[in-house]
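Observations on the model geometry
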Amino acid sequence: MFKLFLKILKIAFLFFLLSSVLAVFYYKWMPVKITPLMVIRSVQHVVKGEAPEVHHQWVPLEEMSRYMPVAVMASEDQQFLHHHGFDFGAIQDAAVDRLKGHARRGGSTISQQTAKNVFLWPSRTWVRKGLEAYFTVLIELLWSKERIMEVYLNSIEMGTDIYGVEAVAKQNFGCSASELRRGDCALIAATLPNPRRFSSYKPSAYMRKRQREIEQQMKFIPLISDKSKEK
């Protein structure tokens, strides 16, 4: 019986490895049309007796404002172009803050957030974090930085029932992703720690302050296309 259990466990493990690698390869070229979070939010609507609503439209990176990647790097992950999926300095700082009882700040990189958004579910369990690390390593190995950024900006939650830069541009700014101005991109990036609480449509004074801070940081972040040409 125990041997049978081990055999089943081995088969399940090998199946997970194969399917996960194939999924990462698939999304290396194909648009991400739906994410686990979109499904979860839709189910939450149904449970409340509401009609599910998802605003999402995939657009290639070259059809976005060139400032959008710069803004999210300035806000979320300034070492994105240099690390291999994990910013250990940011992780250490976040851990120290928690030990001191300060307000929580995330140590997750854009690569980690992309892995979570596309392949996993939102939670703080050790299992989820372990799987997030696994998928982060996979996408860093198999995708380019441009592709990680493209998937991130198309799948990240940017407001209530709003996913990706094209959807937030249309819903909150009345334009396409390519038409977003520098300040618009900074404002969108300012909401990302909690896009269901912070709004780029009706920004508070705090959001405007964060927008200005991010715009200042953007001066030190290269355009992702320029950086890739150096390699």
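1. With respect to the side chain of Ser-75
- Here Ser-75 lies in helix α3 (residues 67-76).
- A relative accessible area of 18% means that Ser-75 is categorised as buried.
- Looking at Ser-75, its side chain comes within polar contact range of the main-chain oxygen of Ala-189, at 3.3 Å.
- Every residue in contact with Ser-75, bar those within four places of it in the chain, is listed here: Ala-189, Arg-210 and Ile-214.

2. Concerning the nonpolar core
- Core analysis: the biggest nonpolar cluster contains 53 residues, and Met-68, Val-72, Phe-119, Met-149, Leu-153, Met-158 and Val-165 have the highest contact counts within it.
- Of all elements in the fold, only α1 (2-29), α3, α5 (110-119), α6 (126-142), α7 (145-155), α8 (165-173), α9 (182-191) and α10 (205-218) reach the threshold of two or more residues within this core.
- Those residues in contact with Val-72, other than ones at most four positions away along the chain, are Asp-77, Ile-110, Met-149, Tyr-152, Leu-153, Ala-189 and Leu-192.

3. Quick word on the environment of Met-158
- Within the secondary structure, Met-158 sits in strand β2 (residues 157-159).
- Residue Met-158 is classed as buried on the basis of its relative accessible area, which comes to 2%.
- Along the backbone, Met-158 and Leu-192 are 34 residues apart, and their C-alpha atoms lie at a distance of 6.5 Å.
- Here Met-158 is in contact with Leu-153, Tyr-163, Gly-164, Val-165, Val-168, Ile-188, Thr-191, Leu-192 and Pro-195, once residues within four sequence places are set aside.

4. Describing the side chain of His-45
- The residue His-45 is located in helix α2 (residues 36-47) in this model.
- The contact partners of His-45, leaving out residues within four places of it in the chain, are Glu-50, Ala-51, Pro-52, Glu-53 and Asp-161.

5. A word on the pattern of salt bridges
- The full count for this structure, using the stated rule, is 11 salt bridges.
- Here Arg-147 makes a salt bridge to Glu-150, at a shortest N to O gap of 2.6 Å. Placement of both Arg-147 and Glu-150 in helix α7 is noted, with a separation of three residues, approximately one turn of the helix. The pair formed by Arg-147 and Glu-150 is uniform in burial state, with each residue classed as buried.
- Put simply, Arg-41, Glu-157 and Arg-196 are held in one network by salt bridges that share partners.

6. Thoughts on α10
- Over its 14 residues, α10 runs 20 Å from end to end, which matches the ideal 20 Å to within 8%, given 1.5 Å per residue.
- Along α10, the residues classified as buried are Met-207, Arg-210, Gln-211, Ile-214 and Met-218. The arc that holds every buried residue of α10, seen down its axis, measures 105 degrees, which confines them to one face.
- On its buried side, α10 packs onto α3 and α9.

How each quantity is defined
Residues numbered from 1 in each chain as written. Predicted model: local features only at pLDDT ≥ 70, side-chain atom pairs only at ≥ 80, totals over all residues. Heavy atoms only, no water. Helix = DSSP H or I, 4+ residues; strand = E, 2+ residues; numbered from the N terminus. Buried < 20%, exposed > 50% of the residue type's maximum accessible area, 1.4 Å probe, protein only. Polar contact = N/O pair within 3.5 Å; in protein donor to acceptor, adjacent residues only side chain to side chain. Contact = heavy atoms within 4.5 Å. Core = buried A, V, L, I, M, F, W, Y, C linked by side-chain atoms within 4.5 Å. Salt bridge = Lys/Arg side-chain N within 4 Å of Asp/Glu carboxyl O. Expected span 1.5 Å × (residues − 1). Arc of directions from axis to C-beta.

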